Protein chains: 2
Amino acid sequence: MSEKVVGFIGTGVMGKGMIRNLMKAGYSLRVYNRTKEKAEELISEGADWRNSPAAVAESADIVITMVGYPGDVESVYFNDGILDHAKSGTYVIDMTTSSPQLAEKISTAAKKKGLHALDAPVSGGDIGAQNGTLSIMVGGEEADAKMMLPIFQAMGRKIVYQGQAGSGQHTKMANQIAIASNMIGVAEALAYARYAGLDTDKVMESIETGAAGSWSLSNLGPRMLKGDFAPGFYIKHLIKDEGIALDSAKSMGLETPGLSLSKEIYDQLAAAGEENSGTQAIFKKYMKK
Amino acid sequence: MSEKVVGFIGTGVMGKGMIRNLMKAGYSLRVYNRTKEKAEELISEGADWRNSPAAVAESADIVITMVGYPGDVESVYFNDGILDHAKSGTYVIDMTTSSPQLAEKISTAAKKKGLHALDAPVSGGDIGAQNGTLSIMVGGEEADAKMMLPIFQAMGRKIVYQGQAGSGQHTKMANQIAIASNMIGVAEALAYARYAGLDTDKVMESIETGAAGSWSLSNLGPRMLKGDFAPGFYIKHLIKDEGIALDSAKSMGLETPGLSLSKEIYDQLAAAGEENSGTQAIFKKYMKK
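Residues numbered from 1 in each chain as written. Chains lettered and ligands numbered in written order. Predicted model: local features only at pLDDT ≥ 70, side-chain atom pairs only at ≥ 80, totals over all residues. Heavy atoms only, no water.

1. Considering the pattern of salt bridges
Summed over all chains, the structure comprises 26 salt bridges over all chains. Here A:Lys111 and A:Glu141 are joined by a salt bridge, their closest N and O atoms 2.9 Å apart. With a gap of 30 residues between them, A:Lys111 in helix α6 (residues 100-112) and A:Glu141 in the loop between β8 (134-140) and α8 (142-147) connect regions that are remote in the sequence. For B:Asp267, the salt bridge identified is with B:Lys263, shortest N-O distance 3.0 Å. Of this pair, B:Asp267 and B:Lys263 both sit in helix α15 (residues 257-274), separated by four residues, roughly a single helical turn. (Salt bridge = Lys/Arg side-chain N within 4 Å of Asp/Glu carboxyl O. Helix = DSSP H or I, 4+ residues; strand = E, 2+ residues; numbered from the N terminus.)

This is the structure we're talking about:
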């Protein structure tokens, strides 16, 4: 596969790591980003700049998108974008965390044009993107997912085919929903410990390996306690994901009060200027006195 | 220490396992339980029955309580109970999950009588009690906690001294607070996955080892998905703990909306007849259609 040309739209923190791993695996890269400056480093490393999503799509066998919001996904695929300009037979893969319903819409439109669409959002953050250890959740036609396996393996470690178009996004939403409420639990537990005057190191020793244990408690708990609120995963991005998940759950008739509460709390924090803090800054809500 | 006589009040599922491990370690046991039938098995194995908490206290060097509610703890310690009948120098250890404020009150009263009081709630459930692998969170005088270490080691594996009287209970509350919200997140994530028509085994494969991972997701998630709602940890007991935690948080000026939401949901489930189900039955709230 490594003679294939890969187009990549979105050279932010995530995209940068993923593009480097694709180049390392031998692929030729065509890149576009709304702000060109953010692509300069990659260009100097050998990625080939194109002036628009359409220009990327015209020149690639595989087009990957890693942009910000569902609105950005919509705009690079539709509106004289990827779907109108990709050659028949091109694989188009949206790795942005985005709406499952939009993934279905892209898939349907792509099929009409003779394109192969996959939704393949990731978890693992910028570190996972850099190290090529992302978890990748893939939705779309199974044969297409198999064909793209070498591409995914260049960027991730745990690659799971989840089912028809939208299933990758749905899986990512399940992931974010679990995180949404657990962040509340971790913050409330540690705030309680601090209010009670406990030695929080000892509390962690007692609770982190038992039934209260979680990735967030072990990894973000210590940052809360140190007052280290740097991202990691931005509050503004979790709010975006929670909004998509809430809409999607509602559209399926599922009420999710924990997710609603989490979004309320994070919305308040964003309104108070914390949108660019890491999600562990939820701790500030409890410790403001 | 093994010539010491240990009094044990409360021979329920937890107490039974703990008492057997104490006997295995060579201690002589004096036991009392509100319902004598529940102690018969232990009596046949060599535990010595006494007719009241007072009678247990009079005959033991160390008195352990493992009862139901803070009201039960209060009634065995006060009201012509342990504190009035224990010999000076006796160690009295409440291992019930109970109120931190009550633990402080017992400690103060015990000191006046020349007794050594510890609060030492546990996590690890009936399996941990049986296997002697409980996590034990100890509050009280540090010298007293050290003196009782062999007793704790007979019943548990991770024994952590948490600080002054009440600190063991406070630590257990932090543990339950983390669990309270995480149970919502796990149930909502898996309900979402099911509503979306995903293959939940594949979803678990994608999400359980990443940032959404937790003990509850890995251990209770599969039971939710199988419809196995047997306890485990009873809903009625989590409700009790959540009530204590809420009162305690409020008394310290800490608002815990996640904990409040969890208690609301579990109260509804109990009202619908689920009080004797395992805490994973929270999944039913989301899957009722």
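2. Quick word on the pairing of strand β8 (residues 134-140) of chain B
All names here are of chain B. The buried fraction of β8 amounts to seven of the seven residues, a majority that puts the element mostly inside the structure. Residue alternation in β8 divides its side chains into two sets, Leu134, Ile136, Val138 and Gly140 and Ser135, Met137 and Gly139, and both sets are buried. Of the strand pairs in this sheet, strand β7 (residues 122-123) and β8 are connected by two bridges, and their pairing is antiparallel. In the sheet register, Ser123 faces β8, and the bridge partner there is Ser135. Here β8 pairs with strand β9 (residues 156-163) via six bridges, running parallel. Paired with Gly139 across the two strands is Gly163, which belongs to β9. (Buried < 20%, exposed > 50% of the residue type's maximum accessible area, 1.4 Å probe, protein only. Pairing = 2+ DSSP bridges.)

3. A word on the environment of B:Ser107
All names here are of chain B. Residue position: Ser107 is located in helix α6 (residues 100-112). Distance from Ser107 to Ile93, taken between C-alpha atoms, is 9.9 Å for residues 14 residues apart in sequence. Leaving out residues up to four positions away in the same chain, Ser107 has contacts with Ala117 and Ala165. (Contact = heavy atoms within 4.5 Å.)

4. A short note on the domain arrangement of chain A
Residue and element names in this part refer to chain A. Its domain assignment divides chain A into domain 1 (5-164) and domain 2 (171-285). Taking only C-alpha atoms into account, the centre of domain 1 sits 29 Å from that of domain 2. On the domain 2 side, the residues contacting the 14 residues of domain 1 number eleven residues. Summed over both sides, the interface between domain 1 and domain 2 buries roughly 950 Å², with carbon and sulfur atoms accounting for 62% of that surface. Three residues, Tyr69, Thr97 and Met137, lead the burial of domain 1 against domain 2; their summed loss comes to 45% of the area buried on that side. Here domain 1 and domain 2 share zero salt bridges between them. Its residues placed into classes, the side of domain 1 that touches domain 2 shows six nonpolar, eight polar and no charged. (Domains from an automatic or database assignment. Buried area = accessible area lost by both parts, 1.4 Å probe. Nonpolar A, V, L, I, M, F, W, Y, C, P; charged D, E, K, R; others polar.)

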